[in-house]
Amino acid sequence: MKTVLAKTILAILLVVLIGSCGQQQTLLSVAAGPSGGTWHPIGGMIGNIVNRYVDGVRVNVESTEGG
């Protein structure tokens, strides 16, 4: 399970890095499930990592009704 999660995070970061080449500012929204659920903190961590280390990309974590 940890390997799948790590591969998923890596794939998301690669897509963000490739997609943001040559652009001024990119805004992404991550649908992370309900705020009390398991996936919301994971989506928040992914958003924080991307916001901190990827220039020109802003991630907004959204609460949704499902995962």
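Above: the structure in question.
This one's a predicted model, so the numbers in the text were calculated from it and none came from an experiment.

Colleague: Got a minute to help me understand the pairing of strand β1 (residues 26–31) in this structure?
Modeller: A regular strand carries its side chains on alternate faces of the sheet. The pairing of β1 with strand β2 (residues 57–62) spans six bridges and is classified as parallel. Residue pairing across strands places A31 opposite E62, the latter belonging to β2. The parallel pair β1 and β2, bridged by helix α2 (residues 39–53), forms a crossover whose chirality is right-handed.

Colleague: Quick question: what am I supposed to make of a nonpolar patch on the surface here?
Modeller: A contiguous nonpolar surface patch, about 390 Å² in accessible area, is contributed by L10, L14, L17 and I18. Tracing the sequence through the fold places I18 in helix α1 (residues 2–19).

Colleague: What should I look at first to understand the nonpolar core in this one?
Modeller: The nonpolar side chains of a soluble globular protein tend to be buried, and buried together. By size, the foremost hydrophobic cluster in this structure holds seven residues: V16, I42, I46, V50, V54, V57 and V59. Counting residues per element, the ones that place at least two in this core are α2 and β2. Per-element accounting of this core gives the leading share, three residues, to α2. Residues contacting I46, with those up to four places away along its chain left out, are I9 and I12.

Colleague: How should I be thinking about α2 in this particular structure?
Modeller: Each α-helix turn comprises 3.6 residues. Residues three or four places apart therefore point the same way. Here α2 spans 21 Å end to end across 15 residues, near enough to the 21 Å set by a 1.5 Å rise per residue. Where α2 is concerned, the buried positions are H40, I42, G43, I46, G47 and V50. The arc that holds every buried residue of α2, seen down its axis, measures 160 degrees, which confines them to one face. Those residues of α2 that are exposed and angled more than 90 degrees off the buried face are R52 and Y53.

Colleague: How should the layout of surface pockets be read in this particular structure?
Modeller: Any empty space left between the atoms is revealed when a probe the size of a water molecule rolls over them. Considered as a void within the structure, the largest pocket measures approximately 220 Å³ in volume. Taken together, 13 residues line the largest pocket, and the ones lying closest to its centre are T8, I12, W39, I42 and I46. Elements with a contribution of two residues or more to the lining of the largest pocket: α1, β1 and α2. Grouping the amino acids of the lining of the largest pocket by side-chain chemistry returns 10 nonpolar, three polar and no charged.

Rules behind the numbers
- All residue numbers refer to positions counted from 1 along the written sequence of the respective chain.
- Only residues with pLDDT of at least 70 are given local features in this predicted model, and only at 80 or more are side-chain atom pairs given and counted; all residues enter the totals for whole chains, interfaces and linings.
- As a rule here, side-chain values come from all non-hydrogen atoms in the structure, and water together with hydrogens is ignored.
- Only strands joined by at least two bridges in the DSSP assignment are considered to pair.
- Numbering of helices and strands starts at the N terminus; helices are DSSP runs of H or I of at least 4 residues and strands are runs of E of at least 2.
- The definition of a right-handed crossover adopted here requires that, viewed with the strands pointing away, the path from the first strand over the helix to the second runs clockwise.
- Patch criteria: residues need more than 30% relative accessible area and no salt bridge. Like-charged residues are merged within 9 Å; nonpolar side chains of Val, Leu, Ile, Met, Phe, Trp and Tyr are merged within 5 Å.
- Accessible areas in this description were obtained via Shrake-Rupley with a 1.4 Å probe; residue shielding takes into account the shown protein chains only.
- What counts as a salt bridge is simple: a side-chain nitrogen of Lys or Arg found within 4 Å of a carboxyl oxygen of Asp or Glu.
- For our purposes a nonpolar core is just a set of buried Ala, Val, Leu, Ile, Met, Phe, Trp, Tyr and Cys residues, chained together by side-chain atoms within 4.5 Å.
- Burial here depends on accessible area, computed with a 1.4 Å probe over protein chains only, as a share of the maximum for the residue type. Under 20% is buried, over 50% is exposed, and the range in between is partly exposed.
- Here, residues are in contact when the closest pair of their heavy atoms is within 4.5 Å.
- By this rule, a helix spans an expected 1.5 Å times one less than how many residues it contains.
- The directions considered for the arc run from the helix axis to the C-beta atoms.
- Definitions used for this entry: grid spacing 1 Å over protein atoms alone; cavity, a set of points where a 1.4 Å probe fits but cannot get out; pocket, an open set with protein on both sides within 12 Å along at least 5 of 7 lines; lining residue, one with an atom within 4 Å of a point.
- Grid points are joined across faces, edges and corners, and a volume is the space filled by probe spheres set on the points.
- The nonpolar class holds Ala, Val, Leu, Ile, Met, Phe, Trp, Tyr, Cys and Pro. Asp, Glu, Lys and Arg form the charged class, and all remaining residues, Gly among them, are polar.

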